[in-house]
Amino acid sequence: MSSKYDHRSIEEKWQKYWEENHFFKVSEDTDKPKYYDLEMFPYPSGNLHMGHVRNYAIGDVVARFKSMNGYNVLHPMGWDAFGLPAENAAIKNATHPAVWTNANIENMKQQLKTMGISYDWDRELATCKPDYYKFTQWMFVKLYENGLAYKKKSAVNWCPSCQTVLANEQVVDGACERCEAEVEKKQLEQWFFKITDYAQRLLDDLEKLPGWPEKVKTMQRNWIGRSEGCQFSMPIEGLDESMTVFTTRPDTVFGVTYMVLAPEHPLVEKISAGRPEESAVSKFVQGMKNITELARTATDAEKEGVFTGAYAVNPMNGERIPIWIANYVLMDYGTGAIMAVPAHDQRDFDFACKYDIPIRVVIKSEDSPADAKDMTEAYTGDGIMVNSEAFNGLEVQEGISSVIKYMEDNNIGSGTINFRLRDWLISRQRYWGAPIPVVYCEKCGIVCLTEDQLPVLLPEDVEFRPSGESPLNYVESFTRATCPDCGGEARRETDTMDTFVCSSWYFDRYCSPNEVDVPFSKEAVDYWMPVDQYIGGVEHAILHLMYARFFTKFLYDINMLSCEEPFTNLLTQGMVLKDSSKMSKSKGNVVSPEEIIRTYGADTARLFILFASPPERDLEWSDQGVEGAYRFLNRIWRLVREYARSIQDIKVPDTFENLNNDARDLRFKTHATIKKVTEDVGDRFNFNTAISAIMELSNTLTAYKDKEQPDLAVVKEALQTLLVLLSPFTPHICEELWHLCQNEGSVCQQKWPEYDPQALIQDEIEIVVQVMGKVRDHLRVPAEITEEELKNRALQLEKIKELTSGKQINKIIVVPRKLVNIVAK
RNA sequence: GCGGAUGUGGCGGAAUUGGCAGACGCACCAGACUUAGGAUCUGGCGCUGCGAGGCGUGGGGGUUCGAGUCCCUUCAUCCGCACCA
């Protein structure tokens, strides 16, 4: 072996060794507690980036640590392999999406392997493989059978330049992510999953996730957007129609002075038909269509509207209320219609002022003028109901429930809960996705396939032309189908599923990735699920994590799973930055993991990334920091090699006796480090401080080299401990040095060390001496000193005598084993 | 506008329960070794002051013997949501 730290040969050697000896292969084992450690699987874009490296380095420390602590660890990896980039590449380079994707997977897998992560590669999966997407389709079928998949016409994002429908996540600030053209809304028949049926459970069960960051839970709560209120109908004068509104403030219903419909509301045309206002109304509606969604919903957009000429009747008091249409009422929230109470809603107030609509105060409070004329803004706070007939005198809260009760008793309306969450649009007019397993039969209509008819295979021979429709439309062999019900001619659905569907259950599949008849075995998921630790970017806080939760609850409901939440603990890692901004090709600040690993090795890359910042926080890339990590590994290399021969035959005893002070100090440091690293990694995921503790131990060991008559047993214990503690972070170098010291077995299969409490007992400790809370001196005292004795020793210190002379000592505060504070005036 | 997070040396960061602010690392400075050093080792390194000392965790105020940590207030930056009825 060469004397230089040759990271390349060392890393290759041990990666091969681990693989050949199936080190990380796991199966269910009831003798051990299980631990399911999962990192979000990547999209196979072709190359690993630093964000991946960070994600998987964090996950690997957890996996290796848990494994050394006696857990049976499941740590799998796979590919979120369907999606638009493959199709774009196909159009651009004339390669088939499957070819492109498979090549990327191969390449990224090789890159991942050079990181030395402890994956059980036998469980690898790719969502684009028929043996996987068969079961993505199975999920669709089950949802359909349970009434949770349905088709409806809906407004979707349409890019006029790419001639295609875009996913919500591809619309950035109202424009197409690829070509920056402004996105339009288009009405299309689409498939949806009824996630709204689970809204309340998705909200409530956030309480059951103490291991999730508060931030993510808050984001999900906002996204679900539950609001309590009531829904009621107002008859429209002269028509056999009524308009339904949703409000959270039924207590202000006597303050309604106008009504508003969203411009897209189906009643608009009907109620303005034949009136003098008709042309103004249709002009306004037309104008709204030409304004982008973005401009329309901007907060600072001026409120605009027109009177429709129609009137509604307030069912509470029979009053005639004019009906307007206005830009500030949105069709896709609530009922698309509101009752407007300008006195107690700021938006209505602004609108009423602009169009000279009366304002009527119905909530009285000392904080607000009693006369509408004196109001400069709406009053939305608490108070007493006034001008509200029988309800006068009630507080807001009582008023809300009383009005709801009255409405329910009189068949006017009822209390309702409204969610902001919408159903999940899963149709995509794309080729590279899992086909929706449905056919359209002339006789039977929409027919969903049954599970024995799966998979619906993606045809391979497809021409990609950006036509605005799924390329599958032009594959006759695909579209021509027979109806499973009547055997007659049928046409196959050509839309594919959103890739988020594929990633909503992959963690279940890992538990038994080779099942052919079922998506996963019940025994396997009952053993492994839920995921104990899930790690990934915060950008998935809402979509992926919400969809995965929805799927898990659904699978629980149909008895496929025994858990209702998929991820017990969630760690959202920060971004990797360079020059304070996200690495990106356009900014030219990308650091290639491949290059870093080639130059410094995977151990250095991992060590730097884990040391530079705690995992949740953003990490600033530093080439000099990488150098520093590399230097540290070189120091460890030299340190261990220097001692390797001399400690070879030394036996580390179970108990140490009669150690001199230096040896005791070293042993103290060894065991203090075990304690610190165990707590930092196990309890808090503070890898940066764990590493710094190991560095301290290394520094102490280096300093110990100068001691006369070194105690080699203590040195050996320290060195071995250091290698074991460091191995989850930098496994290759630790494995190499472990064997160099002629140790048995593999370092990553060692039992995680426990600290010896005896070694942490100190005879003498240092006490801080303060006067008036300021540190003035230090004192070395026996650890078991009494408080009295400690006070006396402190008062006798020269410095303290000087500082307290001529002063009255009022109080002496003693914090055992820490400090003495003398309060003197 | 609402919600959340974060502010500590030249830089990344540490301080876990209210108890020595700046661990560990980077950069920098000095020295050793050396034909050489962008290798390695040793020492120094918050600001200020010759010194004793004083000041110091975005700003201001408070609680406490004692505050980076608790309370009030204010500013800045970042993230999420955004006319949600």
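Parameters at a glance
- Residues numbered from 1 in each chain as written.
- Chains lettered and ligands numbered in written order.
- Predicted model: local features only at pLDDT ≥ 70, side-chain atom pairs only at ≥ 80, totals over all residues.
- Heavy atoms only, no water.
- Helix = DSSP H or I, 4+ residues; strand = E, 2+ residues; numbered from the N terminus.
- Buried < 20%, exposed > 50% of the residue type's maximum accessible area, 1.4 Å probe, protein only.
- Contact = heavy atoms within 4.5 Å.
- Areas by Shrake-Rupley, 256 points an atom, 1.4 Å probe, with all protein chains shown as cover.
- Lys, Arg positive; Asp, Glu negative; His and termini not counted.
- Charge placed at Lys NZ, Arg CZ, Asp CG, Glu CD.
- Axes fitted to C-alpha atoms, helices over the stretch in contact; angles between N-to-C directions.
- Parallel < 35°, antiparallel > 145°, perpendicular 65-115°, else oblique.
- Left-handed = near helix turned anticlockwise from the far one by under 90°.
- Nonpolar A, V, L, I, M, F, W, Y, C, P; charged D, E, K, R; others polar.
- Near = heavy atom within 4 Å.
- Polar contact = N/O pair within 3.5 Å; in protein donor to acceptor, adjacent residues only side chain to side chain.
- Pairing = 2+ DSSP bridges.
- Expected span 1.5 Å × (residues − 1).
- Arc of directions from axis to C-beta.
- 1 Å grid on protein atoms, 1.4 Å probe; cavity = no way out; pocket = protein on both sides within 12 Å on 5 of 7 lines; lining within 4 Å.
- Points joined across faces, edges and corners; volume = space filled by probe spheres on them.
- Core = buried A, V, L, I, M, F, W, Y, C linked by side-chain atoms within 4.5 Å.
- pLDDT = per-residue confidence, 0-100.
- Patch = residues over 30% accessible without salt bridge, like charges linked within 9 Å, V, L, I, M, F, W, Y side chains within 5 Å.
- Salt bridge = Lys/Arg side-chain N within 4 Å of Asp/Glu carboxyl O.

Peer 1: Teacher, can you tell me more about the overall build of chain A here?
Peer 2: Within chain A, the secondary structure is distributed over 26 helices and 34 strands. Seen through its C-alpha atoms, chain A measures out along the principal axes to roughly 105 × 85 × 50 Å. In chain A, which comprises 825 residues, the proportion classed as buried is 53%. Considering only residue pairs separated by 6 or more positions, chain A has 71% of its internal contacts joining residues 24 or more positions apart. Carbon and sulfur atoms provide 47% of the accessible area of chain A, an area that totals close to 38,100 Å². Of the charged side chains in chain A, 92 are positive and 123 negative; the average position of the first set lies 4 Å away from that of the second.

Peer 1: Teacher, can you tell me more about the packing of helix H20 (residues 623-647) against helix H22 (residues 687-704) here?
Peer 2: Pairs of packed helices are described in terms of their axes, by the angle between the two and the distance that separates them. Following both chains from N to C, one finds H20 and H22 inclined at 40 degrees, their axes separated by 11 Å at the closest point. Taken together, the axes of H20 and H22 are oblique relative to one another. Crossing of H20 against H22: the hand is left-handed. Side by side, H20 and H22 meet where Phe632, Ile636, Leu639 and Tyr643 of the first sit next to Ile694, Met695, Ser698, Leu701, Thr702 and Tyr704 of the second. Residue classes in the contact of H20 with H22 are distributed as 8 nonpolar, 2 polar and no charged.

Peer 1: Can you walk me through the protein's contact with RNA strand B in this structure?
Peer 2: If you check the shell around RNA strand B, you find 54 residues, and the closest are Thr248, Lys303, Arg347, Lys676 and Asn821. In the interface set of RNA strand B, defined as its atoms within 4 Å of the protein, sugar plus phosphate atoms amount to 61%. The contact in question runs from a base nitrogen of RNA strand B to an N or O atom on the side chain of Arg684, over 3.2 Å. Top contributing element to the surface near RNA strand B by residue count: H22, with 6 residues. Taken together, the residues of the surface near RNA strand B break down into 19 nonpolar, 18 polar and 17 charged.

Peer 1: Got a minute to help me understand the pairing of strand E11 (residues 242-247) in this structure?
Peer 2: Working note: regular strand, side chains alternate between the two faces of the sheet. Sheet topology note: the strand E10 (residues 227-235)/E11 ladder contains 6 bridges and is antiparallel. In the sheet register, Ser233 faces E11, and the bridge partner there is Thr244. Here E10 hands over to E11 after 6 residues, with Gly238 in that stretch at a positive phi of 80 degrees.

Peer 1: How should the sheet that holds strand E34 (residues 819-824) be read in this particular structure?
Peer 2: Strand pairing in a sheet relies on backbone hydrogen bonds. The paired strands run either parallel or antiparallel. Ordered in space as E32-E31-E34-E33, the 4 strands form an open sheet in which the pairing is mixed. At either end of the open sheet lies a strand with only one pairing partner, and these are strand E32 (774-782) and strand E33 (809-815). Put simply, the sheet's adjacent strands are angled 20 degrees from each other on average, direction ignored. Pairing geometry for strand E31 (residues 764-771) and E32, over 8 bridges, is antiparallel. Across the sheet, residue Val771 finds its bridge partner in E32, namely Lys774. Of the strands in this sheet, E31, E32, E33 and E34 touch helix H25 (residues 787-795), which is tilted by about 125 degrees from E32.

Peer 1: Could you clarify how one ought to interpret helix H4 (residues 97-113) in this entry?
Peer 2: Two residues of an α-helix separated by three or four positions point the same way, owing to the 3.6 residues in each turn. With 17 residues, H4 extends 24 Å from end C-alpha to end C-alpha; this agrees with the ideal 24 Å at 1.5 Å per step. Along H4, the residues that are buried comprise Pro97, Trp100, Thr101, Asn104, Ile105, Met108, Lys109, Gln111 and Leu112. Down the axis of H4, the buried set is contained in an arc of 160 degrees. They therefore lie on one face. Buried residues belonging to H4 abut helix H2 (50-68), strand E3 (78-79), helix H3 (84-93), strand E4 (125-126) and helix H18 (593-600).

Peer 1: Honestly, helix H24 (residues 731-740) in this entry has me stumped. Any pointers?
Peer 2: With 8 of its 10 residues buried, H24 lies for the most part within the structure. For H24, the full list of buried residues reads Pro731, His732, Ile733, Cys734, Glu735, Glu736, Leu737 and Trp738. Residues of H24 that are buried make contact with helix H1 (7-20), H2, helix H19 (602-612), H20 and helix H23 (712-726). With its phi angle positive at about 60 degrees, Gln742 sits one or two positions after the end of H24.

Peer 1: Explain the environment of Pro315 to me, please; I cannot follow it from the model alone.
Peer 2: Structurally, Pro315 can be placed in the loop between strand E13 (305-313) and strand E14 (320-326). It is 56 Å that separates the C-alpha atoms of Pro315 and Lys582, two residues lying 267 residues apart in sequence. Each residue touching Pro315, except ones within four places of it in the same chain, is listed here: Phe232, Ser233, Met234 and Ile412.

Peer 1: I'm lost on the layout of surface pockets in this one. Help?
Peer 2: Picture a little ball the size of a water molecule; that probe, rolled over the atoms, points out where space is still empty. Roughly 750 Å³ of internal volume is contained in the second largest pocket. Lining the second largest pocket are 30 residues, and of these Tyr328, Val329, Ile338, Asp345 and Arg347 sit closest to its centre. The dominant element in the lining of the second largest pocket, judged by the number of residues it contributes, is strand E15 (residues 337-340), at 3 residues. Grouping the amino acids of the lining of the second largest pocket by side-chain chemistry returns 11 nonpolar, 12 polar and 7 charged.

Peer 1: Whenever I open this one, the nonpolar core confuses me. Can you help?
Peer 2: Inside soluble globular proteins, nonpolar side chains tend to come together where they are buried. Tyr36, Phe140, Phe193, Trp424, Tyr506, Trp621 and Phe729 are the most contacted members of the largest nonpolar core, which totals 184 residues. Here this core takes 11 residues from H20, the largest share from any one element. For Phe729, the contacting residues outside a window of four places in its chain are Val61, Arg606, Leu610, Val681, Phe687, Ala690, Ile691 and Ile694. Ranked by size, the runner-up nonpolar core spans 45 residues in total, among them Phe232, Val245, Tyr379 and Val403.

Peer 1: Can you help me understand the side chain of Glu565 in this one?
Peer 2: Relative to the elements of secondary structure, Glu565 occurs in the loop between helix H17 (543-557) and strand E27 (567-573). Judged by relative accessible area, Glu565 falls into the buried class, the value being 10%. Only 2.8 Å separates the side chain of Glu565 from the side chain of Arg549, close enough to count as a polar contact. Separated by 2.8 Å, the side chains of Glu565 and Lys553 make a polar contact. Apart from residues lying up to four places away in sequence, Glu565 is in contact with Asp205, Leu209, Pro530, Arg549, Thr552 and Lys553.

Peer 1: Sorry, what's going on with the confidence of the model for chain A here?
Peer 2: Reading predicted coordinates in detail is not appropriate for stretches of low pLDDT. Overall, the prediction assigns chain A a mean pLDDT of 92, with 97% of residues at 70 or greater. ipTM for the predicted complex: 0.95, alongside a pTM of 0.94.

Peer 1: What exactly am I supposed to notice about a positive patch on the surface here?
Peer 2: On the surface, Lys774, Arg776, Lys799 and Lys807 cluster together into a patch of positive charge. When you line up the elements, Lys807 lands in the loop between helix H26 (798-804) and E33. Residue classification places Lys807 among the partly exposed positions, given a relative accessible area of 44%.

Peer 1: Whenever I open this one, the sheet that holds strand E18 (residues 413-418) confuses me. Can you help?
Peer 2: Spatially, 3 strands are ordered E11-E10-E18 in an open sheet, and the strand pairing comes out antiparallel. Because the sheet does not close on itself, it has two edges, and the strands there are E11 and E18. Neighbour-to-neighbour, the strand axes of this sheet turn through a mean angle of 30 degrees, independent of strand direction. Along the sheet, helix H12 (residues 396-409) makes contact with E10 and E18, crossing E18 at roughly 125 degrees.

Peer 1: Sorry if this is basic, but what is going on with the side chain of Asp37 here?
Peer 2: Mapping Asp37 onto the fold places it in strand E1 (residues 34-39). Within the buried set, Asp37 has no salt-bridge partner at all; the shortest N-O distance to an opposite charge, 9.3 Å, is to Arg64. For Asp37, the side chain forms a polar contact with the main-chain nitrogen of Ala63, separated by 3.3 Å. Apart from the residues lying within four places of it in its own chain, the contact partners of Asp37 are Gly59, Val62, Ala63, Val73, Leu74, His75, Pro76, Gln533 and Ile535.

Peer 1: Looking at this structure, how should I read the pattern of salt bridges?
Peer 2: Evaluation of the coordinates by the stated rule reveals 46 salt bridges. With a closest N to O distance of 2.6 Å, Lys109 and Glu124 form a salt bridge. Residue Lys109 is found in helix H4, and its partner Glu124 is found in the loop between H4 and E4; the two are separated by 15 residues along the sequence. The exposure class assigned to Lys109 is buried, which follows from its relative accessible area of 15%. Glu145 is the salt-bridge partner of Lys142, the closest N and O atoms lying 3.3 Å from each other. Pair noted here: Lys142 and Glu145 are both in helix H5 (residues 130-145), with a separation of 3 residues, about one helical turn.

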